[in-house]
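Residues per chain are reported as follows:
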Amino acid sequence: MFSICSHGFRTAIWKNRFASWAIGYLMSETLRNIPIGTIAILTSIEGNPEFIRRLNELGFLPGTKFTLLRRAPFGGPVEVSYGNTRIAFRPDASVTIHIHVLS
Amino acid sequence: MKSNSPIAFVGTPNCGKTTVFNVLTGMRKKVGNFPGITIEPSLGSVSSGKESIEILDLPGLYSMLATSFDEELTIQVLKKEHVSIKQPHGIVFVMDATNIEKSLYLYSQVAELGIPMIIALTMVDGVKARSGVIDDIAIERLTGLSVFPIVGHKGIGLEDLKQGLFNEQSWHIPILPPSFDEIRDRVHWAKNTADAVLSIKEPDTLTGRLDAILLHPIGGILSFAIIMAVFFQSIFSWAIPFMDMIEAGFSALEQFALQNLPSGLFSDLIARGLIAGVGSVIVFLPQIIILNVFVVILEDCGYLARAAFLIDRFMGLFGLQGRSFIPLLGSYACAIPGIMSARIIPSHRDRMTTMLIAPLMTCSARLPVYTLIISAFIPPMIVGTFFSLQAIVLAGLYILGGLTGLFVAFIMKKSMFKGDVIPFLIEFPPYRLPSLKSLFVTVSDKALDFLKSAGTVIVALSLVLWFLSAFPRLEFTDSIPDIQQQQMQLEQSYAGQMGKAIAPIFEPIGFDWKLTIGVLGSFAAREVFVSVMGQLYGADTSDSDASLRDTLQQTIPFASALSVLAFYVYALQCISTMGILKRETGSWKWPAFAFVYMFILAYGFAYIVHAIAL
């Protein structure tokens with residue numbers, strides 16, 4: 001009885017965790033799921049340090065206001081513009097980019 | 001400025017540095033002798049009166065912290081850490097007026113080196129076109145350096161810059177910018193400084209409009225396909241008339257030498273060894289020139305970055321990045337210009353992988369072998385209602401080469417070239433008109449470089465092959481017909497003996513000693529297989545292949561024929577490709593590696609095909 005209960009309890013924890021992950025995944029705004037033309041502010045980048053450094057050196061820093069210009073077909077790289085600069089990069093699995101959508 | 005170290009050109013990628021360098025130095029290029037490095041900066045000289053200065057074009061970079069092999073080279077040279085290139089005693093800092101922020105960011109780091117500098121301010125016409133103003137006086141005040149505004153592709157301002165290079169008065173140690181601990185602070189400094197010296201009123205409408213088409217989800221793919229089709233068509237078929245002319249010219253020269261020199265060994269050496277060897281080098285020039293013209297135009301006008309963006313997803317499936325596409329497509333015409341164009345790939349690991357799989361793309365030299373064997377052994381029947389079986393087999397061989405290459409790339413990127421390569425990241429430059437003079441300089445430079453570096457290797461190796469097939473000499477009486485003489489000579493030569501000696505190795509894949517000699521002979525170039533077969537079977541290949549085809553059909557078993565096809569899909573049967581691989585990777589290790597892995601693939605595949613077909 002106890003074991004079933006504990007099992008059920010654990011399942012509940014996992015269900016809960018999954019739900020929060022799924023909601024988090026769906027609700028968090030990333031470059032993958034915002035429409036073209038969205039204006040947003042970069043909040044943080046996680047992952048490959050060299051990649052982050054190069055994005056920063058190109059002026060793509062937390063706090064930068066940018067526009068998502070386009071995505072390459074079939075889930076390819078994204079192009080963003082900010083100030084006088086236009087860059088394109090691959091939203092690689094090794095990098096997570098957090099943003100805050102303005103409009 | 002008297003010193004024995006050169007002046008270096010430094011700037012961000014796409015800042016117009018190479019255009020300025022090319023127009024200034026023109027054809028006065030020098031072959032830099034920098035041992036142990038694979039990407040060589042170009043070295044040239046400018047002269048004014050009796051004085052002349054050596055200048056070095058270092059790869060473009062965004063910051064003094066490298067993320068690629070190219071950037072690493074520039075940084076090592078500037079910091080006096082490079083083993084063979086001396087630290088420059090002066091820097092011409094090329095600053096892009098339309099992208100002044102990135103230039104200032106890099107400048108603030110380069111200025112810390114304390115090397116005397118001059119600033120060349122490029123793209124000032126780009127600022128004017130957008131109703132903007134760039135304050136070069138403010139840049140002079142800020143940096144303490146002489147600033148020379150330039151319109152590189154029109155050549156405006158270059159004469160002043162040239163005089164400046166020779167004038168002691170124009171060289172200064174830069175005023176040190178504030179020191180920064182964090183990237184953020186440096187970026188802000190660059191941005192604030194940029195705002196102070198540059199005002200641009202209008203957006204770049206031309207670039208915006210062009211990108212609306214060229215990067216459109218459908219229009220972009222369509223225009224990419226069209227541009228690549230024209231590119232492929234140009235190296236594949238526009239080069240053919242020129243190549244035919246060169247080949248005809250050299251074979252006429254060969255005949256002329258054979259007839260007019262006293263017959264014997266010497267005329268044979270001159271005609272079949274030297275003239276044929278030089279001809280086999282020159283014949284690559286049309287493709288190399290056409291491919292490079294295309295690549296330089298695409299790169300200079302700004303499309304290459306867009307093409308890489310569009311195709312990156314597909315190349316990413318195989319662990320490569322977008323820029324690998326151009327060299328691989330080019331390799332379908334010929335691996336030699338293809339491998340040379342791999343220089344456009346900034347990541348060292350990706351460049352190596354691309355060069356090592358390039359010979360797997362079905363180059364045009366395989367076509368004569370495929371055509372001969374297919375027309376002799378594959379029945380010309382129609383499959384379905386429309387496709388001929390021969391065409392399907394040919395297409396299959398083409399596709400097989402490409403797919404295998406991508407698969408091999410995938411494995412290489414997972415194993416030997418594994419590592420933290422940063423994900424694809426590219427800055428889109430505005431569209432610009434390329435400078436014709438710079439285009440001419442770059443392309444002729446590449447062509448000359450090919451002739452000097454790879455050409456000499458190819459001629460030397462062709463002479464070795466000639467020696468192996470011409471010795472030991474046989475004495476013939478006049479009663480034996482020419483064709484038979486050639487047949488016997490080849491059979492008895494060292495090449496023939498080697499073919500017979502190593503024939504047991506090729507026996508499991510169904511090759512007899514004649515086919516083995518054909519394989520050996522095609523090292524000079526794959527299509528030589530056809531003429532070697534002609535010689536061995538005593539058939540005339542000069543006017544039509546029909547007689548050779550019939551002879552092969554009767555003498556070679558079907559399974560062996562298929563095995564030959566399978567072998568040629570993969571085998572690195574090309575001395576010229578190995579020569580260029582050596583040149584581009586800096587050592588014989590890589591061509592040897594490519595040869596071995598491709599031989600294993602070829603042998604294995606031929607073995608399987610032979611076993612199934614038996």
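Computed from a prediction, not measured in an experiment: that's the story for all the values here. (Residues numbered from 1 in each chain as written. Chains lettered and ligands numbered in written order. Predicted model: local features only at pLDDT ≥ 70, side-chain atom pairs only at ≥ 80, totals over all residues. Heavy atoms only, no water.)

Turning next to the sheet that holds strand β4 (residues 85-89) of chain A. Taken in spatial order, the six strands of this open sheet run β5(A)-β1(A)-β2(A)-β3(A)-β4(A)-β12(B), and their pairing is antiparallel. One side of each edge strand has no neighbouring strand; the edge strands of this open sheet are β5 (95-101) of chain A together with β12 (425-427) of chain B. Taking each pair of neighbouring strands and ignoring which way they run, the sheet shows an average axis angle of 35°. Summarising the sheet, strand β1 (residues 39-47) of chain A and β5 of chain A pair through seven bridges and their orientation is antiparallel. The partner of Gly47 of chain A across the bridge, within β5 of chain A, is Val95 of chain A. Set on the sheet, helix α2 (residues 49-57) of chain A makes contact with β1, β4 and β5 of chain A together with β12 of chain B; between it and β1 of chain A the angle comes to about 150°. Sheet contacts for helix α12 (residues 303-316) of chain B: β2 (65-71), β3 (78-82) and β4 of chain A together with β12 of chain B; angle to β12 of chain B, the most-contacted strand, approximately 150°. (Pairing = 2+ DSSP bridges. Helix = DSSP H or I, 4+ residues; strand = E, 2+ residues; numbered from the N terminus. Axes fitted to C-alpha atoms, helices over the stretch in contact; angles between N-to-C directions. Contact = heavy atoms within 4.5 Å.)

Every contact between the two is made by 32 residues of chain A and, on the other side, 36 residues of chain B. Between chain A and chain B, a total of about 3000 Å² is buried, with carbon and sulfur atoms accounting for 59% of that surface. In this structure, Asp312 of chain B engages Arg90 of chain A in a salt bridge whose closest nitrogen and oxygen atoms are separated by 2.8 Å. Where chain A packs against chain B, one counts 16 residue pairs in polar contact (both at pLDDT 80 or more). When contributions to the side of chain A that touches chain B are tallied by element, the ones reaching two or more residues are α2, β2, β3 and β4 of chain A. With seven residues, the top contributor of residues to the side of chain A that touches chain B is α2 of chain A. In terms of residue class, the side of chain A that touches chain B is made up of 14 nonpolar, eight polar and 10 charged. As paired elements, β4 of chain A and β12 of chain B share three bridges and run antiparallel to each other. Residue pairing for β12 of chain B: Phe89 of chain A is matched across the bridge by Leu425 of chain B. (Buried area = accessible area lost by both parts, 1.4 Å probe. Salt bridge = Lys/Arg side-chain N within 4 Å of Asp/Glu carboxyl O. Polar contact = N/O pair within 3.5 Å; in protein donor to acceptor, adjacent residues only side chain to side chain. Nonpolar A, V, L, I, M, F, W, Y, C, P; charged D, E, K, R; others polar.)

Residues and elements named next belong to chain B. One can find Ser108 in helix α3 (residues 100-110). Residue Ser108 is classed as buried on the basis of its relative accessible area of 0%. In this structure the side chain of Ser108 is engaged in a polar contact, spanning 2.8 Å, whose partner is the backbone oxygen of Tyr105. Every residue in contact with Ser108, bar those within four places of it in the chain, is listed here: Pro177, Arg186 and Trp189. (Buried < 20%, exposed > 50% of the residue type's maximum accessible area, 1.4 Å probe, protein only.)

Moving on: the environment of Ala335 of chain B. Residue and element names in this part refer to chain B. Within the secondary structure, Ala335 is located in helix α14 (residues 335-341). Once the C-alpha coordinates of Ala335 and Asp70 are considered, the two residues, 265 residues apart in sequence, prove to be 23 Å apart. Ignoring any residue separated from it by four or fewer positions in sequence, one finds Ala335 in contact with Ala358, Pro359, Cys363 and Thr577.

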